[in-house]
Structure formats: structure tokens, C-alpha cells
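Summary of the model geometry
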Amino acid sequence: MCRLSAYSRRVAKAALVTVLATLAVSLLAIGIADLAADAQAADRYEAVAEAYGPGDGTDPAWDEMADAGFNADAWLTVSGTTIDSPVMQATAEDPEHWLYRAADGSSSPTGVPFVDQRCSVASAVTMVYGHRTAYLGYMFHNLADCHEQSAFDSLGTARLYAPDGTSTDYRPLCAASTDRHDGTWQSCIGLSDDSLRSWLAAMVPKASATASDASSAAASASRLLVLVTCDGSAFHPESRTVVLFVANQYQNQASLSNENQNLIP
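Notes on the structure in this doc start here. (Residues numbered from 1 in each chain as written. Predicted model: local features only at pLDDT ≥ 70, side-chain atom pairs only at ≥ 80, totals over all residues. Heavy atoms only, no water.)

**Digging into the overall build of the protein**
What the protein contains, in helices and strands, is six helices and nine strands. Looking at the protein as a whole, 40% of its 265 residues are labelled buried. Surface summary for the protein: the accessible area is close to 14200 Å², and the carbon and sulfur share equals 55%. (Helix = DSSP H or I, 4+ residues; strand = E, 2+ residues; numbered from the N terminus. Buried < 20%, exposed > 50% of the residue type's maximum accessible area, 1.4 Å probe, protein only. Areas by Shrake-Rupley, 256 points an atom, 1.4 Å probe, with all protein chains shown as cover.)

See below:
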């Protein structure tokens, strides 16, 4: 019985080693495939930015984008990050249409940033979703840990370009990590003017990372840009990072006026 039990244990151990080895090989193959897909998507992301993105003093190449097969609803850049991408508008009929589609409508594992179906680029509040990429730093990857103060402090100005030739500059206000099913940070959609500023005043203290002048910036805000992505927490896959940027209408008007003055011969 003892020898039979020892033999049985050896057989079981060998079987377990075989199973674990097979599992390891399978996971490695999946990992390599995912990395390859991620690298391909990253190359495509960079190619789109280089071909159609804004340059120094220039707007995105809207007509060229349309000729290439897609009509972007906006273009987003955030200094201090790799975010430089067209942005699409979601619809109530298919709110997650762009979650796994590139800007030209083709299949993509990382999709394209898209505006919540309940708002638009022209709204006082614009909420944009984007994937946190698993390996390489593109899409909204750089925003994932911005609920931490040190990462938040590295953020610069967000600029949202519209196809009509206008653009709005937003400054970082605050960030937080939240459960994907918690609608607290989405309750700003549809707000404007005093109601928006009151909402911001109530939310800034709830953030885990804030600008040094967050209270005064919230009090003078006229527009809000909210960027949402996965925060990458291994044990909390349902958590999201929410980063708020605000614009002051008068500051943007002054900036536009100065630009126009520079064009006067």
C-alpha cells in the first residue's frame, strides 16, 4: 500500500507538472499575441497622429482624415502625456460602438477615444472615454495612475479641437479613482454655469489628487472636460480613473483674441 501510494503520488505530481507547464506555455503564447496586437495598435495610433494630428500653430487635417475614411468629431491632445488622437461621438443607439473600433470603423483591440452619448464636444461638459493600454504607453495609458498626486502633477494642458476650426484649452483640476458603476463623477453631464461650478466645488474635496489652486479654478470654470480610463489596479478591475480639466471662457476668448491680433497685417 505504501509503495502504491508513493507511486500514485508520483503520477499525480507528474500530471500536475504537465498541466502547469501546459498552462504556462498557453499563457505565454497569449501574452505574446496580446503584446503583438498592442504593438500593432500602437504603431497605428502613432501613424494616425503623425498623418493628421495638429502641429505647431496648425489644426488637425480634417479634410485629409475624411478622405482617409473617417470623420472625427474632435481631436484631443494632453501635454505631459502621449495623448494625441481623434475623438469620436458615441450615440444612444450604440454607446460603446467605438470601444473596439479604430477611427475608420475597422476592428481595433484598443478602440479610439469617444465622447459619452449624453454630451458632445460643444457641451459645457464633455466626457471622453479611452482605454488604458496594457503594455505600451498610448491612448489613455498615461492617465491610469493620475488619481495619485505625483502622476497628476505631471499633467499639462488638454486641448480639444473641433472640426469647425475652434479649440478649447483645459487645465488639470483634480482626479480620483472610482468604481465603474458609481455614477457620482458622471453626474456633471448636462450641467452648465452656476450649477456646474457648484458641482465642481462639491467634488474637488472628494478627489485624491488636485491642482494647488483647485478651489479658485473650480469657481471660475465655464467648461469641463472629463477623461475616463481603467486605473489598472490588479485586484480592482472594475475601478476607473477620472481626470477633470476645466476651462475659463474668458481666458479662452482672450487667447483666441490674441491669436487673431497676431494675424492682423
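**As for the nonpolar core**
In terms of nonpolar packing, the biggest core is built from 73 residues, with Leu173, Leu200, Leu224 and Leu244 touching the most fellow members. Every residue in contact with leucine 200, bar those within four places of it in the chain, is listed here: Leu173, Ala218, Ala221, Leu224, Leu244 and Val246. (Core = buried A, V, L, I, M, F, W, Y, C linked by side-chain atoms within 4.5 Å. Contact = heavy atoms within 4.5 Å.)

**Details of the environment of aspartate 182**
Position of aspartate 182 among the secondary structure elements: in the loop between strand 6 (167-179) and helix 4 (193-203). In this structure the C-alpha to C-alpha distance between aspartate 182 and arginine 240, which are 58 residues apart in sequence, comes to 9.6 Å. Separated by 3.3 Å, the side chains of aspartate 182 and threonine 178 make a polar contact. (Polar contact = N/O pair within 3.5 Å; in protein donor to acceptor, adjacent residues only side chain to side chain.)

**Description of the packing of aromatic side chains**
A full pass over the atoms with the stated rule returns three aromatic pairs. Ring geometry for phenylalanine 114 versus tyrosine 129: centroids 5.5 Å apart, planes at 45°, classification tilted. Here phenylalanine 114, found in strand 3 (residues 114-115), pairs with tyrosine 129, found in strand 4 (residues 125-129); they are 15 residues apart in sequence, far enough to count as distant. Its relative accessible area of 16% is what places tyrosine 129 among the buried residues. Ring plane angle 90° and centroid distance 6.3 Å describe the contact between tryptophan 185 and tryptophan 199, whose orientation is recorded as edge-to-face. One end of the pair, tryptophan 185, is in the loop between strand 6 and helix 4; the other, tryptophan 199, is in helix 4, and 14 residues separate them in sequence. The pair formed by tryptophan 185 and tryptophan 199 is uniform in burial state, with each residue classed as buried. (Phe/Tyr/Trp six-rings, centres within 6.5 Å; stacked < 30°, edge-to-face > 60°.)

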